[in-house]
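Structural overview
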Amino acid sequence: QLLPGEVLTLLLPSSCCQVRFQPFPGIRASPVPPPRVGLGGRCLDGKVAAQKGGWIGRWPAGSASQGLSSITRIPGAQNSPGLREELQGAACPLLHPPSMASPMRSLLADLDRYIQSFRLFLERSTEHQSMREFVERRLPAVIASIGNGKSAINVLSVGGGAGEVDLQILSKIRARYPGATINNDVIEPSADQISKYKERVAQASNLENIKFTWHKETANEYESRMNAEEKTKKWDFIHMIQMLYYVKDIPATIRYFHSLLEPQAKLLIILVSGKSGWQTLWKKYGPSFPLEDLCSYVSSADLLRMMDSAGMKYQLYELPSHMDITSCFIEGDKDGELLLDFLTETLEFAKTAPPELKHQVIEELRKPGCSEIRDGKVFFNNNLDVIVIEP
């Protein structure tokens, strides 16, 4: 128990950060359990997370964290060669980062393999089918007033990929406003995806009055460029489909693009449901995957909390979806290995993961929290949520 005037400084671990506690009047400090934290500062089940480098944890309400007065990150902590090894010791027994002996790397370190695994994911899942059904049945009501009285409608696709869903969305906007010009800008960092998007546009029909502009950059780079050029272009419809996992600061990114909406505009976001197999898998094993600050796990549940906190108005739509991951359980199956890479965001997971971690993940993928078994096949719960945010 800290007495008035006393300060307790904890070093977790020696190369990471200092946590200082000071007593509040009338509060008896209790022992603090080791923080459960994730790589790159991402805390899966905590209240606070650092975006870049260092390590930061959480403590349950009512614990000594009530007297938390400061957290000081030690410069260069994220680059300390002994950091991960030290974190696996007695100082943080709840933490399971990749072993220093393991060559595990983020899947995003090899963009070609990431795209290969992503395309296989689309082939084996009903994700785009679920999105198509939403576009057909629900999107017309969402866009019903975005272009009222306008001769030109400005659409911004953030992370447009190869354009499969984009063109479906544009067809509905064009049908709703047949006389208007549609200016469709696409933010996409992959040159390969942009190339395929352009091929899709060249082969498509019924794209009259739609002008395409591609920006080979990330959402963060687009924001930085607009700020540097002192531009604030407004949009009638912005969509961000399955891309928030790859931005550095999710709340700031949402705030920025939300600020670009015209008065009658909508911001549409699609990401995995908080009730999906992704939530189960990543909540349990996320700290073990080598995200390397290139990717973070976020679900609709996290996003809804952010928007409720910010007082944003939105509508929520649920999209059932599944993915056939049967090949993941066949040792040496190339497609199975690609899907495991995508599920764990780990490059060559089957070959580089420690045997115990690989076994645990494979077993977890069989369980009801992640998947269901039908007719001898294993189907991963890939449920999605669509969130439509008002200006």
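Residues numbered from 1 in each chain as written. Predicted model: local features only at pLDDT ≥ 70, side-chain atom pairs only at ≥ 80, totals over all residues. Heavy atoms only, no water.

Re the pairing of strand β9 (residues 261-272)
Just so we agree on the cut-off: Under the scheme applied here, a residue whose accessible area is under 20% of the maximum for its type counts as buried, over 50% as exposed, and between as partly exposed, the area being computed with a 1.4 Å probe on protein chains only. In DSSP terms, a helix is any run of H or I states spanning at least four residues, a strand is any run of E spanning at least two, and both are numbered starting from the N terminus. Two strands qualify as a pair provided DSSP detects at least 2 bridges between them. By convention a crossover is right-handed if, when the strands point away from the viewer, the path from the first strand over the helix to the second runs clockwise.
Counting buried positions over the 12 residues of β9 gives nine, a clear majority of the element. Relative to β9, strand β8 (residues 235-241) runs parallel, the two being bridged by six bridges. Along β9, the bridge assignment pairs H239 with L268. On the question of chirality, the crossover connecting β8 to the parallel β9 by way of helix α8 (residues 250-258) is right-handed. With six bridges joining them, β9 and strand β15 (residues 384-389) adopt antiparallel strand pairing.

A short note on the sheet that holds strand β14 (residues 377-381)
Going by this rule: A fitted line through C-alpha atoms represents every axis, and for helices the fit uses only the stretch in contact; the resulting angles, taken between N-to-C directions, go from 0 to 180 degrees.
The antiparallel open sheet is built from three strands, whose spatial order is β11-β14-β13. Strand pairing shows two members of the sheet lacking a second neighbour, β11 (322-324) and β13 (371-374), which therefore form its edges. The average undirected angle you get between the axes of adjacent strands in this sheet is 30°. Both β11 and β14 contribute to a ladder of three bridges, which runs antiparallel. What sits directly across from H322, in β14, is N381.

Let's talk about the sheet that holds strand β6 (residues 181-187)
Pairing within the open sheet is mixed, and its seven strands lie in the order β7-β6-β5-β8-β9-β15-β10. Because the sheet does not close on itself, it has two edges, and the strands there are β7 (210-215) and β10 (314-319). Strand-to-strand twist across the sheet, computed as the mean angle between neighbouring axes with direction ignored, equals 15°.

Structural notes on the packing of helix α9 (residues 277-285) against helix α11 (residues 334-344)
Spelled out, the test is: In what follows, roughly perpendicular refers to angles from 65 to 115 degrees, roughly parallel to angles under 35, roughly antiparallel to angles over 145, and oblique to any angle outside these ranges. A contact between two residues is defined here by any heavy atoms of the two lying within 4.5 Å. All residues other than Ala, Val, Leu, Ile, Met, Phe, Trp, Tyr, Cys, Pro, Asp, Glu, Lys and Arg, Gly among them, are scored as polar; the first ten of these are nonpolar and the last four charged.
Running from N to C, α9 and α11 point in directions that differ by 75°, and their axes come no closer than 10 Å. In terms of orientation, α9 lies roughly perpendicular with respect to α11. Judged by residue contacts, W278, L281 and W282 of α9 engage F342, L343 and T344 from α11. Grouping the amino acids of the contact of α9 with α11 by side-chain chemistry returns five nonpolar, one polar and no charged.

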